[in-house]
Amino acid sequence: MSRTNVAVWFEIPSIDFDRATAFYEALFGVSLRRENIGSGTLGIFPYEQPALSGCVIHGPMYRPATDGPVIYLNADGKLDDMLARVTALGGSVVTPKIALPPGMGFFAHIRDSEGNRIGLHSDL
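Residues numbered from 1 in each chain as written. Predicted model: local features only at pLDDT ≥ 70, side-chain atom pairs only at ≥ 80, totals over all residues. Heavy atoms only, no water.

A. Seen up close, the sheet that holds strand E5 (residues 72-74). Spatially, four strands are ordered E5-E8-E7-E6 in an open sheet, and the strand pairing comes out mixed. The open sheet has two free edges, formed respectively by E5 and strand E6 (92-99), since each of these has just one partner strand. Shown here is a sheet whose adjacent strand axes are inclined to one another by a mean of 25°, direction ignored. The pairing of E5 with strand E8 (residues 117-122) spans three bridges and is classified as parallel. When the sheet's bridge partners are listed, Tyr-72 is paired in E8 with Gly-119. (Pairing = 2+ DSSP bridges. Helix = DSSP H or I, 4+ residues; strand = E, 2+ residues; numbered from the N terminus. Axes fitted to C-alpha atoms, helices over the stretch in contact; angles between N-to-C directions.)

B. Layout of helix H1 (residues 17-28). The end-to-end C-alpha distance of H1 is 17 Å, a good match for the 16 Å that 12 residues give at a rise of 1.5 Å each. For H1, the set of buried residues is Phe-17, Ala-20, Thr-21, Phe-23, Tyr-24, Glu-25 and Leu-27. Regarding H1, its N-cap is Asp-16, as a side-chain oxygen of that residue lies 3.3 Å from the backbone nitrogen of Asp-18 further along. Positive backbone phi, at 65°, marks Gly-29, one or two positions downstream of H1. (Expected span 1.5 Å × (residues − 1). Buried < 20%, exposed > 50% of the residue type's maximum accessible area, 1.4 Å probe, protein only. Polar contact = N/O pair within 3.5 Å; in protein donor to acceptor, adjacent residues only side chain to side chain.)

C. Up close: the packing of aromatic side chains. Inspection of every chain in the model, using the stated rule, returns five aromatic pairs. Relative to Tyr-24, the ring of Phe-23 lies with its centre 5.0 Å away and its plane at 80°, an arrangement referred to as edge-to-face. Measuring from centroid to centroid gives 5.7 Å for Tyr-24 and Phe-45, while their planes differ by 80°, and the two rings are edge-to-face. Within this pair, whereas Tyr-24 is found in helix H1, its partner Phe-45 is found in the loop between strand E3 (40-44) and strand E4 (53-58), the two being separated by 21 residues in sequence. Exposure class is identical for Tyr-24 and Phe-45. Each is buried. By the ring-pair criterion, three or more aromatic residues cluster together here, those being Phe-10, Phe-23, Tyr-24, Phe-28 and Phe-45. (Phe/Tyr/Trp six-rings, centres within 6.5 Å; stacked < 30°, edge-to-face > 60°.)

Function cannot be read off these values alone, since they describe shape.
See below:
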């Protein structure tokens, strides 16, 4: 199988795995699949084949960060609704919804329940 995407996987570090998975499950309205791999505990986001996906991860080598690389998750037309729920879920809005150039949609940055800065993107 040939991959056309540069990015193929992401990992969002967690301090409290249950809190972090609950945050993303409630924010996106999905269930994360729990797996243990080596010393890591993963909550894997749903995906279709061929996949570009990732997980919430907890393990001794993973620490949340407020700066560094930012991953953008697909808000799938629900950006306003998601931003309205972030605070109640234990996160915060860092950068409110901003319009990108015409045809590129909108984005916002949030801080998740673990302190990670995460980008959200939507066409609407």
